[in-house]
Amino acid sequence: MTPILYIVIPCYNEQAVLPITAPQFLKKLQDLTAAGKISDKSRVLFVNDGSRDETWNIICDLARQDEHYIGISQSRNRGHQNAVLAGLMEAKDSCDITISIDCDGQDDLNAMDAMIDCYAEGYDVVYGVRSSRETDTFFKRFTAQSFYKLLSAMGAEVVYNHADYRLMSARVLREFADFREVNLFLRGLVPLVGFRSTTVSYSRAERIAGESHYPLKKMLALAVDGITSLSVKPLRLITGFGAFVAVISFIGCLWALITAICGKAVPGWASTTCIVCFVSGVQLLGLGIIGEYIGKIYLETKQRPRYIISERTGDMQKTE
Ligand code: UDP
Ligand code: MG
């Protein structure tokens, strides 16, 4: 039996690209169906992440035009990761496999063939990995690479150069549904679910239209989320650093004592100020990192829903 595929696509203010890329997704779905790789019950599932432009209306129009397009809308903007999760959870009971992909046409759709072949060979998770970043600007390339390096240095297990272009089977998604964390970092969580996984590489193109919603600020926020939700290494680093500073301070004290005993005490204003500044800096840094984790615990204990779906294209058709 051929598997049912749901392509899950988060969209936030994407009115400029959606009319261009949506037919490409549909074409891919039709080609895969014609090649006998997937069932005709497969769908292109758009997740509108509280867009403020025409995105949701475009999705509704698409759903009217072709039954292979379906859409859900989040009640407000909750961010890329939550939008992908909402789509995956919506899809998991209706399909055998999902592929999540961005809607801006940057990820090569042809990699889907290889992903589905891997699924047929028995892999439950297939990560799309970028083979080159030539089309990205130097700044984007540099920040993105530092992002992966920082994550792995901090003990968060991620697949290098893999964003959220990924095949996951419904079996994995059902297990994944039990991962209840509110602080979502899908790239780091999926490897924790386990199952057989592999990678497929593809080259990444430029955004077709519109602009990136991942400026440096959001990327840094994602990195902090990734690290603090997957690893406690920063807390250990603080302890280690604290111990190091304590040893240095001890030596400093000995030195001060000896010079004082020898009657060579320096006036000492500069050195005292330096030490005070340094130690208070270290303390504030330590408190900040600990605060970040406490903030995470606070959010997790609230157990708020991770996404709220306010509309579905299916409902719309029923009421019409
Ligand atoms: N996106 C989203 N919610 C947001 C920001 C982005 O659903 O708050 C979607 C966006 O529509 C796109 C994907 O996430 O499909 C990736 O965003 P973008 O292309 O702006 O990021 P980049 O590729 O530059 O990292
Ligand atoms: Mg993009």
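For the structure itself, look to the data block above.
Note that the structure is a prediction, hence the values are computed from the model and not measured.

K.L.:
Quick question: what am I supposed to make of the nonpolar core here?
P.N.:
One broad trend across soluble globular proteins is that nonpolar side chains are buried collectively. Membership of the largest hydrophobic core comes to 37 residues, with the highest contact counts inside it found for Leu5, Ile9 and Phe46. Among the elements that line this core, the one with the most residues is helix H1 (residues 18–34), at six residues. Beyond its immediate chain neighbours, meaning those up to four positions away, Leu5 contacts Leu29, Leu32, Ile38, Ser42, Arg43, Ile97, Thr98, Ile99 and Ile116. Of all hydrophobic cores here, the second largest spans 27 residues; its members include Ile4, Val129, Leu186 and Leu189.

K.L.:
Before we go on, may I ask you to explain the sheet that holds strand E8 (residues 309–312) in this structure?
P.N.:
On the basis of which strands lie adjacent, the open sheet formed by eight strands has the order E7-E5-E6-E4-E1-E2-E3-E8 and mixed pairing. Only two strands of the sheet have a single neighbouring strand rather than two, namely strand E7 (197–202) and E8. Shown here is a sheet whose adjacent strand axes are inclined to one another by a mean of 20 degrees, direction ignored. In the sheet, strand E3 (residues 69–74) pairs with E8 via three bridges, with the strands oriented antiparallel. Within E8, the residue paired with Ile72 across the bridge is Arg312. The strands touched by helix H2 (residues 55–65) within the sheet are strand E1 (5–11), strand E2 (43–48), E3 and E8, with E3 carrying the most contacts at an inclination of about 150 degrees. Where helix H3 (residues 80–91) meets the sheet, its contacts fall on E1, E2, E3, strand E4 (97–100), strand E6 (162–169) and E8, and the angle it forms with E1 comes to roughly 155 degrees.

K.L.:
Would you explain the coordination of the magnesium ion (ligand 2) in this entry?
P.N.:
Six octahedral donors around a metal ideally make angles of 90 or 180 degrees; four tetrahedral donors ideally make 109.5 degrees. At this site the magnesium ion (ligand 2) is bound by Asp104 (OD) and Gln106 (OE1), with donor distances of 1.8 to 2.0 Å. A relative accessible area of 3% places Asp104 in the buried class.

K.L.:
Sorry if this is basic, but what is going on with the layout of surface pockets here?
P.N.:
Over the atoms, a rolled probe matching the size of one water molecule traces out where space is still vacant. Counted as a void, the largest pocket has a volume near 800 Å³. Lining the largest pocket are 38 residues, and of these Lys140, Arg204, Ser212, His213 and Tyr214 sit closest to its centre. Of all the secondary-structure elements, those providing two or more residues to the lining of the largest pocket are E1, H3, helix H5 (138–153), E6 and helix H8 (216–230). No other element matches H5, which puts six residues into the lining of the largest pocket. Classifying every residue of the lining of the largest pocket gives 15 nonpolar, nine polar and 14 charged. In this model, the second largest pocket occupies a volume close to 530 Å³. Lining the second largest pocket are 21 residues, and of these Arg78, Gly79, Asn82, Val182 and Asp225 lie nearest its centre. With five residues, the top contributor of residues to the lining of the second largest pocket is H8. Here the residues of the lining of the second largest pocket sort into eight nonpolar, six polar and seven charged.

K.L.:
Would you explain the pairing of E4 in this entry?
P.N.:
Residues in a regular strand point their side chains to alternate faces of the sheet. Of the two faces of E4, the one lined by Ile97 and Ile99 and the one lined by Thr98 and Ser100 are each fully buried. Where E1 lies against E4, four bridges are found, and the strand directions are parallel. Opposite Val8, over in E4, you have Ser100 as the bridge partner. Two strands pair when backbone bridges link them, and E4 and E6 are joined in this way by four bridges, in the antiparallel orientation. Of the residues in E6, the one forming a bridge with Ile99 is Leu167.

Reading the values: the criteria
Residues numbered from 1 in each chain as written. Chains lettered and ligands numbered in written order. Predicted model: local features only at pLDDT ≥ 70, side-chain atom pairs only at ≥ 80, totals over all residues. Heavy atoms only, no water. Core = buried A, V, L, I, M, F, W, Y, C linked by side-chain atoms within 4.5 Å. Buried < 20%, exposed > 50% of the residue type's maximum accessible area, 1.4 Å probe, protein only. Helix = DSSP H or I, 4+ residues; strand = E, 2+ residues; numbered from the N terminus. Contact = heavy atoms within 4.5 Å. Pairing = 2+ DSSP bridges. Axes fitted to C-alpha atoms, helices over the stretch in contact; angles between N-to-C directions. Donors = N, O, S within 2.8 Å, 3.2 Å for Na, K, Ca; no water. 1 Å grid on protein atoms, 1.4 Å probe; cavity = no way out; pocket = protein on both sides within 12 Å on 5 of 7 lines; lining within 4 Å. Points joined across faces, edges and corners; volume = space filled by probe spheres on them. Nonpolar A, V, L, I, M, F, W, Y, C, P; charged D, E, K, R; others polar.

In short, shape yes, function no, at least from these values alone.
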